[in-house]
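The lines below spell out each chain.
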Amino acid sequence: MGPARRRGCLVIDLIRAEYIKIRTVRSTMIMLLLVVLLSVVPAVLIALLVSKQNLLTTEPRDRVQIALIGVQFSQVLVAVIAALVIAGEFRFGTIRTTFVTEPRRLRVLAAKLVTVLVLAAVVSALMVGISAGLTKLILDSRGVDFSFTAFGAGRLLYGTVLYSMFYAAMGLAIATLLRNAAASITLVIVLPLIVENVLFGIFSVLDHESWAKWLPFTAGAQITADTSGSSLTERFAPWTGYGYAWLWAVALLGLGAWLLQRRDA
Amino acid sequence: MIQVSGLTKRFGSVTAVRDLTFTVESGQVTGFLGPNGAGKSTTMRCMLELDRPDAGVCTFDGKKLSQYRQPLREVGMLLDAKAVHPTRSARNHLRAVAAANRLPKARIDEVLGLVGLSEVAGKRIGGFSLGMHQRLGLATALLGDPHTLLFDEPANGLDPEGILWIRTFMQYLASQGRTVLVSSHLLAEMALTATDLVVIGRGALISQGTVQEFVDHAAGTWVHVRSPQVTQLASLLTQHGATVRPHADGSIDVVGPDAAAIGELAAGSALVLHELSPRQASLEEAFLEATKDAQEYQTHVPGEVPAPPPGVPSIVPPPPPPGGDSWGPPAAGGAS
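Residues numbered from 1 in each chain as written. Chains lettered and ligands numbered in written order. Predicted model: local features only at pLDDT ≥ 70, side-chain atom pairs only at ≥ 80, totals over all residues.

Q: Explain the nonpolar core here, please?
A: What tends to happen in soluble globular proteins is that the nonpolar side chains get buried as a cluster. One finds Val78, Ala82, Ala83, Ala168, Ala169 and Leu172 of chain A together with Ala139 of chain B to be the most contacted residues of the largest nonpolar core, which totals 152 residues. Of all the elements, helix H9 (residues 153-178) of chain A adds the most residues to this core, at 16 residues. For Ala83 of chain A, the contacting residues outside a window of four places in its chain are Gly171, Leu172, Ile174, Ala175, Ser184, Ile185 and Val188 of chain A. (Core = buried A, V, L, I, M, F, W, Y, C linked by C-beta atoms within 7 Å. Buried ≥ 20, exposed ≤ 12 C-beta atoms within 10 Å, placed from the backbone. Helix = DSSP H or I, 4+ residues; strand = E, 2+ residues; numbered from the N terminus. Contact = placed C-beta atoms within 7 Å.)

Q: Explain the sheet that holds strand S12 (residues 252-255) of chain B to me, please; I cannot follow it from the model alone.
A: Two pairing modes exist for strands in a sheet, parallel and antiparallel, and in both the strands are linked by backbone hydrogen bonds. Residues and elements named next belong to chain B. On the basis of which strands lie adjacent, the open sheet formed by four strands has the order S11-S12-S10-S13 and antiparallel pairing. Looking at which strands have only one partner, the edges of the open sheet turn out to be strand S11 (243-246) and strand S13 (275-280). Direction aside, neighbouring strands of the sheet carry axes that sit 25° apart on average. Across four bridges, the pairing between S11 and S12 is antiparallel. Note that in S12 the partner of Pro246 across the bridge is Ile252. Set on the sheet, helix H10 (residues 259-268) makes contact with strand S10 (221-226), S12 and S13; between it and S13 the angle comes to about 155°. (Pairing = 2+ DSSP bridges. Axes fitted to C-alpha atoms, helices over the stretch in contact; angles between N-to-C directions.)

Q: Help me understand the interface of chain B and chain A, please; the structure alone is not making it clear to me.
A: Often, the extent of an interface is quoted as the loss of accessible area upon association of its parts. Chain B puts 31 residues into the contact, and the matching count from chain A is 28 residues. The set of elements that each furnish at least two residues to the side of chain B that touches chain A consists of helix H2 (71-74), strand S5 (75-78) and helix H3 (90-100) of chain B. When residues of the side of chain B that touches chain A are assigned to their parent elements, the largest contribution, six residues, is made by H3 of chain B. Of the residues that constitute the side of chain B that touches chain A, the class distribution is 14 nonpolar, eight polar and nine charged. (Nonpolar A, V, L, I, M, F, W, Y, C, P; charged D, E, K, R; others polar.)

Q: Would you mind showing me how to read the sheet that holds strand S1 (residues 2-11) of chain B here?
A: Residues and elements named next belong to chain B. Ordered in space as S2-S1-S4, the three strands form an open sheet in which the pairing is antiparallel. Edge positions in the sheet fall to strand S2 (14-24) and strand S4 (55-60), since each has one partner strand and no second. Averaged over all neighbouring strand pairs, the angle between strand axes comes to 20°, with direction disregarded. Note: S1 against S4, five bridges, orientation antiparallel. Across the sheet, the residue bridging to Ser5 is Val57, located in S4.

Q: Can you help me understand the packing of helix H2 (residues 11-23) of chain A against helix H8 (residues 105-141) of chain A in this one?
A: Packed helices, taken two at a time, are described by the angle their axes make and the gap between the axes. Residue and element names in this part refer to chain A. The contact between H2 and H8 brings their axes to 9 Å, and the two run at 55°. Taken together, the axes of H2 and H8 are oblique relative to one another. As H2 runs across H8, the sense of the crossing is right-handed. Counted together, Val11, Leu14, Ile15, Glu18 and Tyr19 of H2 and Arg107, Val108, Ala110, Ala111, Lys112, Val114 and Thr115 of H8 form the full contact between these two elements. (Parallel < 35°, antiparallel > 145°, perpendicular 65-115°, else oblique. Left-handed = near helix turned anticlockwise from the far one by under 90°.)

Q: How should I be thinking about helix H12 (residues 238-262) of chain A in this particular structure?
A: Since one α-helical turn is 3.6 residues long, residues separated by three or four positions face the same way. All names here are of chain A. An ideal rise of 1.5 Å per residue puts 36 Å on 25 residues; H12 measures up with 36 Å between its terminal C-alpha atoms. The complete set of buried residues in H12 reads Pro238, Gly241, Tyr242, Ala245, Ala249, Leu253, Gly256 and Leu260. Tucked inside the fold, the buried residues of H12 contact H8, H9 and helix H11 (216-220). (Expected span 1.5 Å × (residues − 1).)

Q: When you look at the confidence of the model for chain B in this model, what are you seeing that I'm missing?
A: Close inspection of predicted coordinates is inappropriate in any region flagged by low pLDDT. Here chain B shows a mean pLDDT of 86. Residues at 70 or above account for 86%. For this predicted complex, the interface confidence reaches an ipTM of 0.91, while the overall pTM sits at 0.84. (pLDDT = per-residue confidence, 0-100.)

Q: Teacher, can you tell me more about the environment of Lys112 of chain A here?
A: Residues and elements named next belong to chain A. On the secondary structure map, Lys112 appears in helix H8. Classification of Lys112 as buried rests on a count of 23 C-beta atoms within 10 Å. Expressed as a C-alpha distance, the spacing of Lys112 and Ile95, which sit 17 residues apart in the sequence, is 12 Å. In this structure Lys112 touches Glu18, Val85, Ile86 and Leu172, once residues within four positions along its chain are discounted.

Now the structure itself:
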């Protein structure tokens, strides 16, 4: 490689730096370990401990759903890591080193976005594969049918990965806006798990349950939802909801990028 | 070379930096001096494009930082040595920084050796002392082998050995032809470290020039004179336009004519002199004089503000003892 080619500094270099930052901090590694445990252990326990009778009463698609309960829950940790990818830098002051290294902050944010999307996709795909694979091994040995190709199961599997990517992007966007680690983590956890549920309750009381479909995380989660036999007035179709949810992510990221450039670091 | 022109930065209604223009030459250490709150750190953050100035621009060797494709090859900075992740190891911290600018991996161990951190390179930064943090900050700044180095109060909190080490290091870096700008609120420290001074107060430039020029200009010089015929001498000097400040012990300070002129005047009138010694204000006096209107938080001492104590010898602090202890000077040739 000639010297001229070596001199350029590309977004790929920034992405490489982001991965080094993620891998070399204890807290993120502990959280990734937790993601593995939270994903795999529930799947294995359910497959081993739930009675065959009960399992046989479930739909084939629901058996896949059960296998992914842990994976879907652990996605919150991946989103927290995504938030810390930028909030952690503000917390410890390393963002200044990062911004001197690459003063064009949009590139920094782009590198962080790619990093967390790839991280979420890889981690989620691995966890889906391992959890579903182990569940299938166990259930097959117990004589319970477990099929990846059951009706709706396919979208459930890849949809889980896609939702994790959306959640991670939201985590990064929220942290870019707030810049505060504790506040970002809180919001990342509370928004989908509590805030949207509370709003759903309020909408129900107001007799406007269908409003809830406009909530970003509710909409995004449609990518894994079972749409058989439900009306689409109450909620979005899977891809519509997922696409709509990304509008939120893109809007928040855009706002975050604009503020990131304007604010003093 | 660094050129700052017309830099202005406001925080709400407070103007932290006001139309600041100065240049920093390469090959020497330039001190960036001002009382606490004068706007030194804000200026440095604006120079590095971390803060958005309301007006003005800063260029390093003719280009803004963001115009460099690998900024670390042009500028190294040490703003806050504590700005590191405590659970990351020193080497991993440098790896991440190096990767972002595609700097050669071999350079990581090179700079670790240069600052004397090779043995703790794999240890978590959280366990480092302040001195080790400063060394790591310096290693980070040197990673890209940059032409320009910015240090914000690098001596803060260091023990005397650490201060000596970092001072020696900065001079060593400047001797390699680099541009080195070091901020400080301690004039004595800068007098030992820097050749040039950029002095600011309340965000505005007070003076730029050599340390010597600053002292001469800001606090001036006088001649301390003893004579058995001091009354006659004093009136003679006053007639010739000099200002005479008497001391309790009968000696006088003469401001205006230099020692030779006073001697000739005395000889012309056959007056005996017992002492005729040129004196110079200390750096601290010069600094206080220059920035007295620009202290952000003025302290009003009731009663008379004491004049510079007479007869204080010309104060340039004693030269540093030679290195050779654990904070020894950097190994030659390592950083180029």
